[in-house]
Amino acid sequence: MAIDEKALQQVIDKDAIRDLVLLYSRAIDRQDIDLLKDLYTEDATDSHGDSFDGSAEDYCKFIAGSFPYMPYSGHHVCNHLIAVDGDEASGEVYALAYHLIPTREGGQEEDFMAVRYIDNYRRCADGKWRFSKRVVTYDFKLRRPFDGGGTLGQGEKDPSYAVCTNRLFQRGARA
């Protein structure tokens, strides 16, 4: 049986794009702005509903500014449908996004959303897939007071850096 090299390349590309989406979650949740910057093309845009709409470079600055006020976030990828066409691809990612944010009164609240990331991807000159356009829809939003606990995001002290020593899990831009 002959191997269909085009079909095999599509499987490889889809897997790399799925890693890209998972790395986005990791960059936000581990508060790794250098990794986040590496996930976008130089001309990329990001539209996060009513919270941000602009260049990916400005989005990274916006997110970096929010990190001190967001002691925890968890972005959990569910379904991910991808169509690849050469060095371009599109995808729709269903995800659950959970944030702990401050209230005006000095407390904290849970910010839970069911979102969809509607993405365009591009394979860049270095062979890495990156977001060229990202549009986020908020299909469901819930905010309520938080009085729980947990590790609440440990940033650079997260145990994954010590336990998962492969470069993929370390801070900063991809190797």
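Residues numbered from 1 in each chain as written. Predicted model: local features only at pLDDT ≥ 70, side-chain atom pairs only at ≥ 80, totals over all residues. Heavy atoms only, no water.

Student: I'd like a description of the pattern of salt bridges, backed by residues and values.
Tutor: Tallied over the full model, the rule gives 17 salt bridges. Here Asp38 ties to Arg174 by a salt bridge, and the two come within 2.9 Å at their closest N and O atoms. Of this pair, Asp38 sits in helix 2 (residues 33-38) while Arg174 sits in the segment after helix 4 (160-163), and the two are 136 residues apart along the sequence. A residue is classified by how much of its surface remains accessible, and Asp38, at 12% relative accessible area, is buried. (Salt bridge = Lys/Arg side-chain N within 4 Å of Asp/Glu carboxyl O. Helix = DSSP H or I, 4+ residues; strand = E, 2+ residues; numbered from the N terminus. Buried < 20%, exposed > 50% of the residue type's maximum accessible area, 1.4 Å probe, protein only.)

Student: Pulling in residues and values, what's your account of the nonpolar core?
Tutor: Of all hydrophobic cores here, the largest spans 32 residues; its most connected members are Tyr24, Leu36, Leu39, Tyr40, Tyr59, Tyr121 and Phe131. Looking at this core, the elements that each hand over two or more residues are helix 1 (5-29), helix 2, strand 1 (40-48), helix 3 (56-66), strand 3 (72-85), strand 4 (88-102), strand 5 (108-123) and strand 6 (129-145). With sequence-adjacent residues up to four places away left out, Leu39 is seen in contact with Leu20, Leu23, Tyr24, Ala27, Arg130, Phe131 and Arg174. (Core = buried A, V, L, I, M, F, W, Y, C linked by side-chain atoms within 4.5 Å. Contact = heavy atoms within 4.5 Å.)

Student: So what about the layout of surface pockets? Which residues, and what values?
Tutor: Roughly 520 Å³ of volume is contained in the largest pocket. At the level of secondary structure, the elements contributing two or more residues to the lining of the largest pocket comprise helix 1, helix 3, strand 4, strand 5 and strand 6. Counted by class, the lining of the largest pocket contains 15 nonpolar, five polar and four charged residues. Roughly 220 Å³ of internal volume is contained in the second largest pocket. Lining of the second largest pocket is provided by 14 residues; of these, Leu23, Lys128, Leu168, Arg174 and Ala175 occupy positions nearest its centre. (1 Å grid on protein atoms, 1.4 Å probe; cavity = no way out; pocket = protein on both sides within 12 Å on 5 of 7 lines; lining within 4 Å. Points joined across faces, edges and corners; volume = space filled by probe spheres on them. Nonpolar A, V, L, I, M, F, W, Y, C, P; charged D, E, K, R; others polar.)

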